[in-house]
Structure formats: structure tokens, C-alpha cells
Amino acid sequence: AISIGEVILRLQTLLPETPGGDPYIIECNIDTFVDNCIANNIQGVSIELKRADVNSQLGYLYYDSAEPLTKVYDEKGYDERYLFYLLQKLRSANIKTYAWWPTFNDAVMAQANPTAYAQHRRDFSNDNLEASPNFVSPHSIAVRQHQQNMIHEILTHPSMQGWDGIRLDY
């Protein structure tokens, strides 16, 4: 059999388009996704744990965190149990699971701590530095400590233990 390798999964793609999604439909979408992984000989799935696209709730987590400066994604009827269900299904199918962590793409922390904003150059000059409300700076001690705490939590969370690795997305 030909191995496709790995795929990246944004959890919101498994949710229905309408708010207040039916839990049965969400679980069926997860089952179908895992069945398609098996049928296509997918060896591993990197699962986005923090929303990193440009839509609403940017930087929100797909699980309930004990860490301060975090918020939980709650659109379309999403609940963290779907993440745990997905992990269980993938692991029972012997598909490797990787935590995909968008490291410095963190609007929640940036809004709570504006001094942690990342600075970027608009036009490649030294003159026009801008602060980004969606990204935090790796130079900030508070950001580095927060990221270390989050990664520790991902690796030790009772419902998520057993990752095959973590993908740090810078």
C-alpha cells in the first residue's frame, strides 16, 4: 500500500456550518475523517490545538486550559470532548497523533498583555515598526514562560497524554 504520510487537521473543519452543532453529526464527521485516514494509509495527523486562522476566536484553545490568558473555542457547538474523541479514534486505528501548536500566533495573550505584541516591519525598513494584535514576541519573558507552561500542559493533560510528538508552528 502507498503511504500518504501525514495530514494537518483544523478541528473546526469537522464542525457543522450552523451554530449549535449536533453532537451526533460531529462524531460522524470525526469517524468519517478517521475512516478516510485508514483508507488512504495516513500514518499521522497533526491536530491544531489553538485556532490560528484569521477568523473569529483567533488564539482560542480547543481544550479547557488551567493556564491564565487562555480562552476556549466555543463556536458551532464545539466542546473539548470532540478533541478527546478524535484522539481516541486515531490512536485506536494506530495513527500517530501530533499536537500542532501555533506558538506565537496568540491573539488572546496579545490582547491581555499588549507589551507582549510582536513587532514587525511593514516595508523592510527600520522606520516603520508596527505592533501586531495577533502575534506575541518570543523576546518577551512572559510569552516564553506562557508557551513553556502551555506545552507542558499539552503533554501532561490527562485526556491528551500519549502524543507522538508536538509540532511547533512559528
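Residues numbered from 1 in each chain as written. Predicted model: local features only at pLDDT ≥ 70, side-chain atom pairs only at ≥ 80, totals over all residues. Heavy atoms only, no water.

> I'd like a description of the environment of Asn149, backed by residues and values.
In this fold, Asn149 is placed in helix 4 (residues 141-156). Overall, the relative accessible area of 27% leaves Asn149 in the partly exposed class. Here the alpha-carbon distance between Asn149 and Glu67, two residues 82 residues apart in the chain, equals 7.4 Å. Reaching out from Asn149, the side chain makes a polar contact with the side chain of Glu67 at a distance of 3.4 Å. (Helix = DSSP H or I, 4+ residues; strand = E, 2+ residues; numbered from the N terminus. Buried < 20%, exposed > 50% of the residue type's maximum accessible area, 1.4 Å probe, protein only. Polar contact = N/O pair within 3.5 Å; in protein donor to acceptor, adjacent residues only side chain to side chain.)

> Tell me about empty space enclosed by the protein, and name the residues and values.
With the rule as written, the count across this model stands at one cavity of 30 Å³ or more. For the largest cavity, the calculated volume is near 30 Å³. What lines the largest cavity is simply Leu11, Leu14, Leu15, Ile26, Ile30, Tyr78, Tyr82 and Leu83. For the lining of the largest cavity, the secondary-structure elements that each account for two or more residues are helix 1 (23-39) and helix 2 (81-92). (1 Å grid on protein atoms, 1.4 Å probe; cavity = no way out; pocket = protein on both sides within 12 Å on 5 of 7 lines; lining within 4 Å. Points joined across faces, edges and corners; volume = space filled by probe spheres on them.)

> Any details on helix 2? Residues and values, ideally.
For helix 2, which comprises twelve residues, the first-to-last C-alpha distance of 16 Å matches the rise-based estimate of 16 Å (1.5 Å per residue) to within 8%. Taken together, the buried residues of helix 2 touch strand 1 (5-9), helix 1, strand 2 (42-48) and strand 3 (96-102). (Expected span 1.5 Å × (residues − 1). Contact = heavy atoms within 4.5 Å.)

> Describe the sheet that holds strand 3, naming the residues involved and giving the relevant values.
Pairing between the strands of a sheet comes from backbone hydrogen bonds, and it takes one of two forms, parallel or antiparallel. The strand order across the open sheet formed by four strands is 1-2-3-6, and the pairing between neighbours is parallel. A strand with exactly one partner marks an edge of an open sheet, and here the two such strands are strand 1 and strand 6 (165-169). The sheet shows a mean angle of 25 degrees between the axes of neighbouring strands, taken without regard to direction. Summarising the sheet, strand 1 and strand 2 pair through five bridges and their orientation is parallel. Within strand 2, the position partnered with Val7 by the bridge is Val45. Of the strands in this sheet, strand 1, strand 2 and strand 3 touch helix 2, which is tilted by about 165 degrees from strand 2. Each of strand 3 and strand 6 is contacted by helix 4, which is oriented at about 160 degrees to strand 3, the strand it contacts most. (Pairing = 2+ DSSP bridges. Axes fitted to C-alpha atoms, helices over the stretch in contact; angles between N-to-C directions.)

> Let's hear about the environment of Gly44: which residues, and what values?
One can find Gly44 in strand 2. For the pair Gly44 and Ile95, spaced 51 residues apart in the sequence, the C-alpha separation amounts to 5.2 Å. Discounting residues that sit within four places of it in the chain, Gly44 has contacts with Gly5, Glu6, Val7, Ile95, Lys96 and Tyr98.

> Kindly report on the pairing of strand 2, identifying the contributing residues and their values.
In terms of residue burial, strand 2 counts as a mostly covered element, since six of its seven residues are buried. The pairing of strand 2 with strand 3 spans five bridges and is classified as parallel. Residue Val45 lies in a different strand from strand 3, and its bridge partner there is Thr97.

> Could you give me a rundown of helix 4, with the residues and numbers involved?
Helical geometry: 3.6 residues make up each α-helical turn, so side chains three or four residues apart lie on a common side. If you check helix 4, its first and last C-alpha atoms are 23 Å apart, about what 16 residues at 1.5 Å a residue would give, namely 22 Å. Three or more residues of helix 4 are buried, namely Val143, His146, Gln147, Met150, Glu153 and Ile154. Projected down its long axis, helix 4 shows its buried positions confined to an angular sector of 125 degrees, all on one face. Opposite the buried face of helix 4, at more than 90 degrees from it, the exposed residues are Ile141, Gln148 and His152. Measuring from the backbone nitrogen of Ala142 back to the side-chain oxygen at the start of helix 4 gives 3.3 Å, which picks out Ser140 as the cap. (Arc of directions from axis to C-beta.)

> Provide a residue-level description of the pattern of salt bridges, including the pertinent values.
Considering all chains together, one arrives at five salt bridges under this definition. The shortest N-O distance in the salt bridge between Lys89 and Asp31 comes to 3.6 Å. Placement of Lys89 in helix 2 and of Asp31 in helix 1 is noted, with a sequence separation of 58 residues between them. By relative accessible area, which is 25% here, Lys89 ends up partly exposed. In this structure, the salt-bridge partner of Asp106 is Lys50, at a minimum N-O distance of 3.5 Å. In this pair, Asp106 sits in the loop between strand 3 and helix 3 (107-112) while Lys50 sits in the loop between strand 2 and helix 2, placing the two residues 56 residues apart along the sequence. With respect to burial, Asp106 and Lys50 carry one shared label: buried. (Salt bridge = Lys/Arg side-chain N within 4 Å of Asp/Glu carboxyl O.)

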